[in-house]
There are 2 protein chains.
Amino acid sequence: MSDSPREIEALIETLARLPGLGPRSARRAVLHLLRKRGALMLPLADALRLVAETARDCLACGNVSTSEICPICSNPERATGELCVVEDVADLWAMERAGGFRGRYHVLGGTLSALDAIGPDELRIPQLLRRVREEGITEVILALNATVDGQTTAHYIAEALAGTGATLTSLAQGVPIGGELDYLDDGTITAALRARRRF
Amino acid sequence: MSDSPREIEALIETLARLPGLGPRSARRAVLHLLRKRGALMLPLADALRLVAETARDCLACGNVSTSEICPICSNPERATGELCVVEDVADLWAMERAGGFRGRYHVLGGTLSALDAIGPDELRIPQLLRRVREEGITEVILALNATVDGQTTAHYIAEALAGTGATLTSLAQGVPIGGELDYLDDGTITAALRARRRF
Ligand SMILES: [Zn+2]
Ligand SMILES: [Zn+2]
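All of these numbers come straight from a predicted model, not from anything done at the bench.

Digging into the domain arrangement of chain A
Interfaces are often described in size by the accessible area the parts lose on coming together.
Link 1 in the chain: One can read the domain layout of chain A as domain 1 (6–54) and domain 2 (78–170).
Link 2 in the chain: Its C-alpha centre places domain 1 of chain A at a distance of 36 Å from the equivalent point of domain 2 of chain A.

Now the structure itself:
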């Protein structure tokens, strides 16, 4: 549309870069926003700016947070000695939605990958080993995706934690082969957590 | 998620109010934005604020614009004497995407509706009558939706414009019964425009 205001075209193009929104649904969303400039468009702009300016990685666990230490790490009721290791923040959110876990997390930031030359130091694995030794961790739950890289990473961590005295478990029943946590329903995740087994 | 930063929860809730985005896809979009805070999240916030603060209705045609007179109305090449009447801005955008029309528009802002007590003065019908008389309009294309209210509105406008000397046409071939312009593909709209007939 050459005769369209360029600010609106720019907004549609930016919005279309979100996952799940193509050009057509981005246009539709912008039309909706234009009808609700005060009630929705400005609040959305403010909410985005606030999060963009305040979001950071939790210094303790790697979760996304708006404070140095995230609400999970700073919640004393969650200092249970159980530490759940996940690949990324999406998986942490999926575990939280499932609601069955009351301990704390450690976000690796990815998986080991020979192909992509990602070694332990590219992930938050050194920090994990330190936390297990220093924070009285009694159980480490390896909630990694059931992919080749996820399981390679789990085995690497298991070896690195041998001798720390912490019990190692992994999500069991219900995680399909090749499945990614973030795509599973809450019930499946909760069942897998309950049926966790020694690693 | 009680242990989630409330700014991020608020952002997800606001984003989930967009059409086509539920809570799940809003979460996914926010995770994507969090990974691209500088490259996507801040630009999106700025684009939203800019449009929210500058968008207004074109004084001439009712199109959404960031200037008093929209780019279509102020484009001298489009002063063809053809005026295309549409129900809302979404329909104008659909006509522009189809690309077959080089005249100007008049956005009614809805349709007449006895049920909802919407009469001519609730729409931009008085302004339409004035434009047809004052702007040298030779053809008025009634591009209203093929719904009962759309066609009622078209008939009302046709009677009001009788005697102005302007030819009245309507979109013809290709618009399905009950169909709404904004959902049609570009080819259908272009074909309907080419085959327009006297109203
Ligand atoms: Zn944390
Ligand atoms: Zn205009």
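Further notes follow.
Details of the packing of helix α5 (residues 125–134) of chain B against helix α6 (residues 148–161) of chain B
Residue and element names in this part refer to chain B.
Link 1 in the chain: Look at α5 against α6: their axes get within 11 Å of each other, and the N-to-C directions meet at 40 degrees. Relative to α6, the element α5 lies oblique. Between α5 and α6 lies a crossing of right-handed hand. Contact residues: α5 offers I125, L128, L129, V132 and R133, while α6 offers T153, Y156, I157, A160 and L161.

Digging into the UniProt feature "zinc finger region: C4-type" (unreviewed entry) in chain A
Link 1 in the chain: The UniProt feature table records "zinc finger region: C4-type" (unreviewed entry) at residues 58–73 of chain A.
Link 2 in the chain: The span residues 58–73 of chain A carries 0% helix and 12% strand; its end-to-end C-alpha distance comes to 8 Å.

What about the interface of chain B and chain A?
Link 1 in the chain: Listed as interface residues are 59 residues of chain B and, on the opposing side, 60 residues of chain A.
Link 2 in the chain: Where chain B packs against chain A, one counts six salt bridges.
Link 3 in the chain: Between R37 of chain A and D57 of chain B there is a salt bridge, with its nearest N and O atoms 3.7 Å apart.
Link 4 in the chain: The set of elements that each furnish at least two residues to the side of chain B that touches chain A consists of α1 (6–15), α2 (23–35), α3 (37–54), β1 (56–57), β2 (64–65) and α4 (89–98) of chain B.
Link 5 in the chain: Considering only residue class, the side of chain B that touches chain A consists of 34 nonpolar, six polar and 19 charged.

Some thoughts on the relation of the copies chain B and chain A
Link 1 in the chain: By a simple turn and slide, chain B fits onto chain A: the slide is 0.0 Å along the axis, the RMSD is 0.1 Å, and the turn is 180 degrees. Each copy turns onto its partner about a two-fold axis. When each C-alpha of chain B is compared by its distance to the rotation axis, A45 of chain B comes out closest, at 2.2 Å.
Link 2 in the chain: When the interface residues of chain B are mapped onto chain A, 100% of them again fall at the interface, so both copies present the same face.

The rules behind these values
Residues numbered from 1 in each chain as written. Chains lettered and ligands numbered in written order. Predicted model: local features only at pLDDT ≥ 70, side-chain atom pairs only at ≥ 80, totals over all residues. Heavy atoms only, no water. Domains from an automatic or database assignment. Axes fitted to C-alpha atoms, helices over the stretch in contact; angles between N-to-C directions. Helix = DSSP H or I, 4+ residues; strand = E, 2+ residues; numbered from the N terminus. Parallel < 35°, antiparallel > 145°, perpendicular 65-115°, else oblique. Left-handed = near helix turned anticlockwise from the far one by under 90°. Contact = heavy atoms within 4.5 Å. UniProt positions renumbered as here; feature names shortened; annotations may be inferred. Salt bridge = Lys/Arg side-chain N within 4 Å of Asp/Glu carboxyl O. Nonpolar A, V, L, I, M, F, W, Y, C, P; charged D, E, K, R; others polar. Least-squares fit on C-alpha atoms with pLDDT ≥ 70 in both.

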